[in-house]
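Chain by chain, the residues:
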Amino acid sequence: APSRHPPLSSNVRRRNPPTMIRDPSVLASIRASWEFVRHSRNVAVGNCNAATWVVGFNQTGMRDLCFNLILASAYSVLEEVLQALRDESVFACKSSKLGQLLVASKSVLPWQNWQLIDEGRDKRNQSVHDKGYMAHAEGRNYIAALEQELLTFKVLPKATPELWHW
């Protein structure tokens, strides 16, 4: 049966950007992936703090390692979100690569700080190519920015307690 509602033009989509992924199973999977990011952060912080208090462990290198790994997971979640929105025809992009998805979604999605997100993606890639780690505080800030974007897109159901210090 034909739809009672006329299709939205691309101009209407830009004025009224989408706020959520429509497919409930995809949305649930993405939310679970983000919860893994947050859980990983809690495990890393808790273990490093405990090691410091118990045996005087110098945690700087371990924090950098942990937050670089968590940052990679966080950007994978963003990639899943953008692929889902592309698949739901929110924006057009032939690629499934994060960089191209970011560019294609820039003028369509209600980004809070697209430039920071793209900068973090670039720095994450650079640290991998250089076989090094960015400082944990820098990685932590990119993860917090990613979470804010997921809240803005209403991919996450609500703001969760701030856990991005350390």
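Residues numbered from 1 in each chain as written. Predicted model: local features only at pLDDT ≥ 70, side-chain atom pairs only at ≥ 80, totals over all residues. Heavy atoms only, no water.

1. Structural notes on the overall build of the protein chain
For step 1, the next point in the chain: Regarding its fold elements, the protein chain presents six helices and zero strands.
For step 2, the next point in the chain: Reading the helices (α) and strands (β) of the protein chain from amino to carboxyl end gives α-α-α-α-α-α.
For step 3, the next point in the chain: Taken across its 166 residues, the protein chain has 40% of its residues classed as buried.
For step 4, the next point in the chain: Long-range contacts, defined as pairs at least 24 residues apart, comprise 66% of the intrachain contacts of the protein chain with a sequence gap of at least 6. (Helix = DSSP H or I, 4+ residues; strand = E, 2+ residues; numbered from the N terminus. Buried < 20%, exposed > 50% of the residue type's maximum accessible area, 1.4 Å probe, protein only. Contact = heavy atoms within 4.5 Å.)

2. Topic: unusual backbone geometry
The phi angle of most residues is negative, glycine excepted, and most peptide bonds adopt the trans form.
For step 1, the next point in the chain: In this structure, Lys 131 is a non-glycine residue whose phi angle is positive, near 55°.
For step 2, the next point in the chain: Judged by relative accessible area, Lys 131 falls into the exposed class, the value being 77%.
For step 3, the next point in the chain: A positive phi is found at Lys 154, a non-glycine position, where the angle reads about 60°.
For step 4, the next point in the chain: In this structure Lys 154 comes out as partly exposed when scored by relative accessible area, which is 44%.

3. A short note on the nonpolar core
For step 1, the next point in the chain: Judged by nonpolar contacts, the single largest core of 40 residues is most densely connected at Trp 34, Leu 78, Val 81, Leu 82, Phe 91 and Trp 111.
For step 2, the next point in the chain: Of all the secondary structure elements, the ones that give two or more residues to this core are α2 (24–55), α3 (60–87), α4 (98–105), α5 (114–129) and α6 (136–152).
For step 3, the next point in the chain: When residues in this core are grouped by element, the largest group, twelve residues, is from α3.
For step 4, the next point in the chain: If we skip the residues at most four places from it in the chain, Val 81 touches Ile 21, Ile 30, Leu 150, Phe 153 and Val 155. (Core = buried A, V, L, I, M, F, W, Y, C linked by side-chain atoms within 4.5 Å.)

4. Things to note about α4
For step 1, the next point in the chain: When we look at burial in α4, the residues that qualify are Leu 98, Leu 101, Leu 102 and Ser 105. Relative to the axis of α4, the buried residues are bounded by an arc of 100° and lie together on one face.
For step 2, the next point in the chain: On its buried face, α4 sits against α3 and α5. (Arc of directions from axis to C-beta.)

5. Side note on the side chain of Arg 140
For step 1, the next point in the chain: Along the chain, Arg 140 turns up in helix α6.
For step 2, the next point in the chain: A polar atom in the side chain of Arg 140 sits 3.4 Å from the side chain of Asn 141. (Polar contact = N/O pair within 3.5 Å; in protein donor to acceptor, adjacent residues only side chain to side chain.)

6. Some remarks on the packing of aromatic side chains
For step 1, the next point in the chain: For the structure shown, the criterion picks out one aromatic pair.
For step 2, the next point in the chain: With a centroid separation of 5.0 Å and an interplanar angle of 80°, the aromatic rings of Trp 111 and Phe 153 are classed as edge-to-face. Here Trp 111 is found in the loop between α4 and α5, whereas its partner Phe 153 is found in the segment after α6, with 42 residues between them in sequence.
For step 3, the next point in the chain: On the accessibility criterion, Phe 153 (2% relative accessible area) is buried.
For step 4, the next point in the chain: Stacked on the ring of Trp 114, the Lys or Arg Lys 106 has its end atom at 4.3 Å from the ring centre. (Phe/Tyr/Trp six-rings, centres within 6.5 Å; stacked < 30°, edge-to-face > 60°. Lys NZ or Arg CZ within 6 Å of the ring centre and 35° of its normal.)

Read these as layout, nothing more, since geometry by itself doesn't imply function.
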